[in-house]
Amino acid sequence: MCGIIGYTGKNNAVPYLLQGLHKLEYRGYDSAGIALIDESGISVIKRKGKVSVLEEAVTEGFSATTGIGHTRWATHGEPSQLNAHPHLSENGMFAVVHNGIIENCDKIKSDLRKDGYSFLSDTDTEVISQLLEKNYKGDPLACLKETAASLEGSFAVAVIHRDFPGTILCAKKSSPLIVARGEEGFFVFSDTLAAQNRISSYYLLSDGELALVTKDKADFFSEDGKPISKVPHYISSSTASSDKGDFPHYMLKEIYEQPKALKDTLSAYIKDGDVIFPNFNPTEKELKAIDRIHLVACGSAYHAALCAKYIFTQLSSLDTSAHIASEFRYEKTVLSKNSLVVIISQSGETADSLAALLLAKAEGAKTLAIVNVKNSAIALKADYVIYTQAGAEISVATTKAYICQLAVLYMLAYFISDKTEYIHSRFFPDILSLPRLAEKELSQNENALSAAELLKNSEHIYFIGRNTDYALSMEGALKMKEISYIHCEAYPAGELKHGTISLIEKGTPVIAVCLREDIFKKTLSAIKEVKARGAYVIAITTDKLKSNLTDCDFVIASGSEQSDIFTPFVGAVPLQLMSYYTALKRGCDIDKPRNLAKSVTVE
Ligand code: G6P
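Reference entry: report on the structure contained in this document. Predicted model only: the values in this text are computed from it and were never measured.

### Side note on the overall build of the chain
Moving on, step 1. The secondary structure content of the chain amounts to 18 helices and 27 strands.
Moving on, step 2. Against the globule reference of 25 Å for 603 residues, the chain gives a C-alpha radius of gyration of 25 Å, in line with a compact fold.
Moving on, step 3. Viewed in the frame of its principal axes, the chain has a C-alpha envelope of about 75 × 55 × 45 Å.
Moving on, step 4. In the chain, which comprises 603 residues, the proportion classed as buried is 61%.
Moving on, step 5. A sequence separation of at least 24 residues applies to 72% of the contacts in the chain between residues at least 6 apart.

Here is the structure:
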């Protein structure tokens with residue numbers, strides 16, 4: 001949430017900052033700005049709107065070789081030019097970009113006001129720039145150390161000082177910040193994507209650490225200001241491309257990348273017919289001691305958890321529950337050393353998921369992270385980690401990372417059931433067919449396009465299903481609402497009649513996910529109930545079951561033959577495509593839906 005970029009080196013900073021901001025736009029895109037510094041001082045340019053709007057405003061004539069930039073997702077203060085970062089201090093001595101939330105901002109603000117400082121914006125960030133100026137006694141690093149110590153909440157900040165052109169100062173707590181070295185200079189950013197292909201190695205700042213970055217080197221300091229040495233990470237040449245290629249949107253590209261992402265994820269952990277997780281290797285005794293599994297996540301990752309809950313219970317008989325991370329924290333769930341808490345997150349930095357992880361650790365539970373972004377906060381803080389191998393995912397609406405989360409959860413369910421000998425699963429060899437199943441479903445493109453034509457003018461859409469079909473309905477509804485802005489709700493098919501069916505009238509669209517043969521008849525009853533009340537039903541099913549669905553108005557049927565357990569992999573693709581084409585026909589900004597950000601680093 002909010003993207004930070006900084007560059008100091010031998011070249012003009014402007015192209016690096018703008019390119020970096022474009023790459024970071026998935027983190028927020030309501031306003032953007034840059035601050036450049038050279039011998040003549042600090043220049044700030046900022047605009048409301050996307051980075052492209054800022055780009056138009058950055059005219060020729062800037063030659064500074066050091067600068068910082070920011071793309072914002074508003075927390076304090078509306079999206080506006082005034083509230084856009086960077087924020088200058090009272091006398092223009094410091095410029096600051098910030099990602100996170102300063103929880104004691106009101107108190108700091110009122111203290112600063114008493115000292116005569118005034119504020120131009122409604123942001124919490126401006127208190128940082130003003131406090132820096134107040135604390136400054138000639139040493140910018142000492143000043144940042146003192147300032148950071150008085151901030152509560154979460155922050156990743158990059159700071160420049162008028163008298164030190166060529167220097168960027170950084171501080172971090174809870175929000176991500178990375179310092180990287182490249183041929184053309186040093187970078188600081190929220191995500192390595194910001195300068196992909198320009199950097200050779202990078203350093204992850206830990207909470208409390210500070211950095212002083214110049215064009216030749218980066219020095220690191222502990223919270224109390226003592227120099228520390230940090231181990232660099234090296235960029236692997238296999239880092240997935242972050243370009244759209246020939247696709248009109250990242251979302252469509254990422255939908256089409258799913259077969260490969262699944263293949264990479266499965267082949268990373270299935271060796272000689274067995275599941276091996278290099279970073280999840282509890283002893284058999286430890287595994288057998290687990291008496292409860294909690295799957296915890298936000299958004300689509302929660303829907304992967306919900307689906308996996310059914311699979312874990314089916315395969316391992318272990319008591320398994322799925323929790324929304326922001327609720328888990330306050331549910332007072334009973335945890336013990338025999339609980340396994342699995343945190344699922346694409347970004348590995350979602351604030352609620354991270355907080356849930358820390359709570360579980362504090363309660364003595366074992367924690368396992370299923371994460372896509374390497375070395376992200378959740379990956380580093382959990383006891384164990386399993387990485388999904390989806391590659392970089394740029395579209396705010398997740399597709400390939402979600403399906404890879406499902407694949408890892410299935411492997412995990414098998415791994416636990418196999419090792420603990422609860423129920424030895426017979427389904428396992430079929431898991432290797434998942435990439436092929438997903439590939440085949442891409443041929444539903446035309447059907448999804450036709451369904452989108454039927455749905456594009458809807459005000460409301462209801463999604464129904466049972467068991468894993470219900471979990472998939474939840475994901476289908478989220479995908480549709482987040483990118484098309486149509487109000488969607490998902491219900492367990494059997495629950496509809498307990499209230500929501502009163503909303504069904506002539507022409508109300510209902511998407512019935514009925515892929516599972518074992519519960520098909522029950523879902524069919526629900527379909528008949530809504531049909532009887534005039535609903536317009538689109539069924540997502542299989543060739544085998546479709547002959548029972550002659551009442552439905554439109555049917556998307558998969559030709560694959562798979563066991564019920566794998567149907568989520570079959571249904572996910574047409575649901576994603578249907579959302580994509582509905583949003584496209586409605587003229588929505590598919591990769592950057594309004595009000596959203598891909599990585600949510602505030603609670
Ligand atoms: C945001 C994204 C969702 C995502 C959720 C959890 O809300 O828009 O697509 O599912 O965060 O993100 P995570 O990175 O933890 O999987």
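### Regarding the site of the ligand
Moving on, step 1. As a structural note, the neighbourhood of the ligand is formed by 13 residues, with Ser300, Ser345, Gln346, Ser347 and Thr350 the closest of them.
Moving on, step 2. Backbone polar atom of Val396 to an oxygen atom of the ligand: 3.4 Å apart, as the coordinates give it.
Moving on, step 3. Out of a free accessible area of 390 Å², the ligand has 89% covered by protein chains.
Moving on, step 4. For the shell around the ligand, the element with the most residues is helix H9 (residues 299-316), which contributes three residues.

### Observations regarding the layout of surface pockets
Moving on, step 1. In this model, the second largest pocket occupies a volume close to 710 Å³.
Moving on, step 2. Gly299, Glu482, Ala597, Lys598 and Val600 are the residues nearest the centre of the second largest pocket, which is lined by 30 residues in total.
Moving on, step 3. Per element, the largest residue contribution to the lining of the second largest pocket is four residues, and it comes from helix H16 (residues 468-484).
Moving on, step 4. Residue classes in the lining of the second largest pocket are distributed as twelve nonpolar, eleven polar and seven charged.
Moving on, step 5. Split by domain, the residues of the lining of the second largest pocket number at least three in each of domain 2 (241-432) and domain 3 (442-590).

### Concerning the pattern of salt bridges
Where charged atoms of side chains with opposite charge meet at close range, the side chains can pair.
Moving on, step 1. Evaluated as defined, the whole model comprises 31 salt bridges.
Moving on, step 2. Salt-bridge contacts for Lys217 lead to Asp219; the nearest nitrogen and oxygen are separated by 2.8 Å.
Moving on, step 3. Note on Asp219: relative accessible area 26%, which makes it partly exposed.
Moving on, step 4. Put simply, Lys479 and Glu482 hold a salt bridge, and the shortest N to O gap is 3.2 Å.

### Observations regarding the packing of helix H7 (residues 258-269) against helix H14 (residues 434-441)
The description of two packed helices rests on the angle between their axes and on the distance between the axes.
Moving on, step 1. Running from N to C, H7 and H14 cross one another at 175°; their axes reach a closest spacing of 8 Å. As far as their axial angle goes, H14 and H7 are roughly antiparallel. Contacts between H7 and H14 involve Pro259, Leu262, Lys263 and Leu266 from the former and Leu434, Pro435, Ala438 and Glu439 from the latter.

### Points about unusual backbone geometry
Moving on, step 1. A cis amide bond links His85 to the next residue, Pro86, at an omega of 0°.
Moving on, step 2. Assignment of secondary structure puts Pro86 in the loop between strand S4 (66-72) and strand S5 (87-88).
Moving on, step 3. Its identity is not glycine, yet Asn467 carries a phi of approximately 55°, on the positive side.
Moving on, step 4. Relative to the helices and strands, Asn467 is located in the loop between strand S23 (460-465) and H16.
Moving on, step 5. Even without a glycine there, the phi angle at Asn595 is positive, about 65°.

### Comments concerning the nonpolar core
Moving on, step 1. Membership of the largest hydrophobic core comes to 113 residues, with the highest contact counts inside it found for Phe280 and Leu412.
Moving on, step 2. Both domains that meet at this core, namely domain 2 (241-432) and domain 3 (442-590), each give it at least three residues.
Moving on, step 3. Setting aside residues no more than four positions away along its own chain, Leu412 makes contact with Phe277, Phe280, Phe312, Val342, Leu368, Ile370 and Ile386.
Moving on, step 4. Core analysis: the second largest hydrophobic core is formed by 27 residues, Ala13, Leu36, Val58 and Ala64 among them.

### What about the packing of aromatic side chains?
Moving on, step 1. This structure, assessed with the given rule, holds 16 aromatic pairs.
Moving on, step 2. On the numbers, 5.0 Å between centres and 45° between planes, the contact of Tyr203 with Phe220 is tilted. Of this pair, Tyr203 sits in strand S11 (residues 199-204) while Phe220 is found in strand S13 (residues 218-221), placing the two residues 17 residues apart along the sequence.
Moving on, step 3. Looking at Tyr203, the relative accessible area reads 12%, which means it is buried.
Moving on, step 4. The interplanar angle of 80° and the centroid separation of 5.0 Å between the aromatic rings of Tyr580 and Tyr581 together place this pair among those described as edge-to-face. No difference in accessibility class separates Tyr580 from Tyr581, as the two residues are buried.
Moving on, step 5. Over the face of the ring belonging to Phe119 we find Lys109, whose NZ or CZ atom lies 5.2 Å from the ring centre.
Moving on, step 6. Sitting over the face of the ring of Tyr485, Arg594 holds its NZ or CZ atom 3.8 Å from the ring centroid.

### Let's talk about helix H18 (residues 567-585)
Moving on, step 1. The terminal C-alpha atoms of H18 lie 28 Å apart, and with 19 residues this matches the ideal 27 Å at 1.5 Å per residue to within 8%.
Moving on, step 2. Remark: Gly587 follows H18 within two positions and exhibits a positive phi of approximately 70°.

### Re the sheet that holds strand S21 (residues 366-371)
Moving on, step 1. Pairing within the open sheet is parallel, and its five strands lie in the order S19-S18-S20-S21-S22. Each edge of the open sheet is held by one strand with a lone partner, namely strand S19 (319-324) and strand S22 (384-387). Strand-to-strand, the axes of this sheet are offset by a mean angle of 20°, without reference to chain direction.
Moving on, step 2. On the sheet, helix H13 (residues 400-420) packs against strand S18 (292-297), strand S20 (339-345), S21 and S22 and is oriented at approximately 160° with respect to S20.

Cut-offs and rules
Chains are numbered independently. Their residues run from 1 in the order of the written sequence. It should be noted that, the model being predicted, local features are given only for residues of pLDDT at least 70 and side-chain atom pairs only at 80 or more, the latter also being counted only at that level, while totals for whole chains, interfaces and linings use all residues. The side-chain values count all of the structure's non-hydrogen atoms but skip hydrogen atoms and water molecules. Numbering of helices and strands runs from the N terminus, with a helix taken as a DSSP run of H or I at least four residues long and a strand as a DSSP run of E at least two residues long. For a compact globule the rule gives 2.2 Å times the number of residues to the power 0.38, and the radius of gyration it is set against comes from C-alpha atoms. Only protein chains enter the accessibility calculation, which uses a 1.4 Å probe. A residue is then buried if its area is under 20% of the maximum for its type, exposed if over 50%, and partly exposed in between. In this analysis, two residues are considered to be in contact whenever any of their non-hydrogen atoms come within 4.5 Å of each other. Here a residue counts as near a molecule or strand whenever at least one of its heavy atoms sits within 4 Å of it. Under the rule applied, a polar contact is a pair of N or O atoms within 3.5 Å (in protein, one hydrogen donor and one hydrogen acceptor; residues adjacent in sequence only if both atoms are side-chain atoms). Here the Shrake-Rupley method, with its probe set to 1.4 Å, supplies the accessible areas, and only the displayed protein chains count as covering residues. Here a cavity denotes a set of grid points, spaced 1 Å apart and computed over the protein atoms alone, in which a 1.4 Å probe fits but from which it cannot get out, and a pocket denotes an open set meeting protein on both sides within 12 Å along at least five of seven lines; residues with an atom within 4 Å of a point are reported as lining. Grid points are joined across faces, edges and corners, and a volume is the space filled by probe spheres set on the points. By the convention adopted, Pro, Cys, Tyr, Trp, Phe, Met, Ile, Leu, Val and Ala count as nonpolar, Lys, Arg, Asp and Glu as charged, and the other residues, Gly among them, as polar. What fixes the domain bounds is an automatic or database domain assignment. Salt bridge, as used here: a side-chain nitrogen of Lys or Arg that lies within 4 Å of a carboxyl oxygen of Asp or Glu. Lines are fitted to the C-alpha atoms to define the axes, a helix being fitted only along its stretch in contact, and any angle between axes, read from their N-to-C directions, falls within 0 to 180 degrees. Here the word oblique covers every angle except those under 35 degrees (roughly parallel), over 145 (roughly antiparallel) and from 65 to 115 (roughly perpendicular). Joining through side-chain atoms within 4.5 Å is the link that ties buried Ala, Val, Leu, Ile, Met, Phe, Trp, Tyr and Cys residues into a set, and such a set is a nonpolar core. Only Phe, Tyr and Trp rings take part, Trp by its six-membered ring, and two of them pair if their centres are within 6.5 Å. Stacked means planes under 30 degrees apart, edge-to-face means over 60, and tilted covers everything else. Here, over-ring charges are defined by two tests on the NZ atom of lysine or the CZ atom of arginine: distance to the ring centre within 6 Å, and angle to the ring normal within 35 degrees. A helix is expected to reach a length of 1.5 Å times the quantity of its residues less one. One bridge is not enough; two strands pair if DSSP finds at least two bridges between them.

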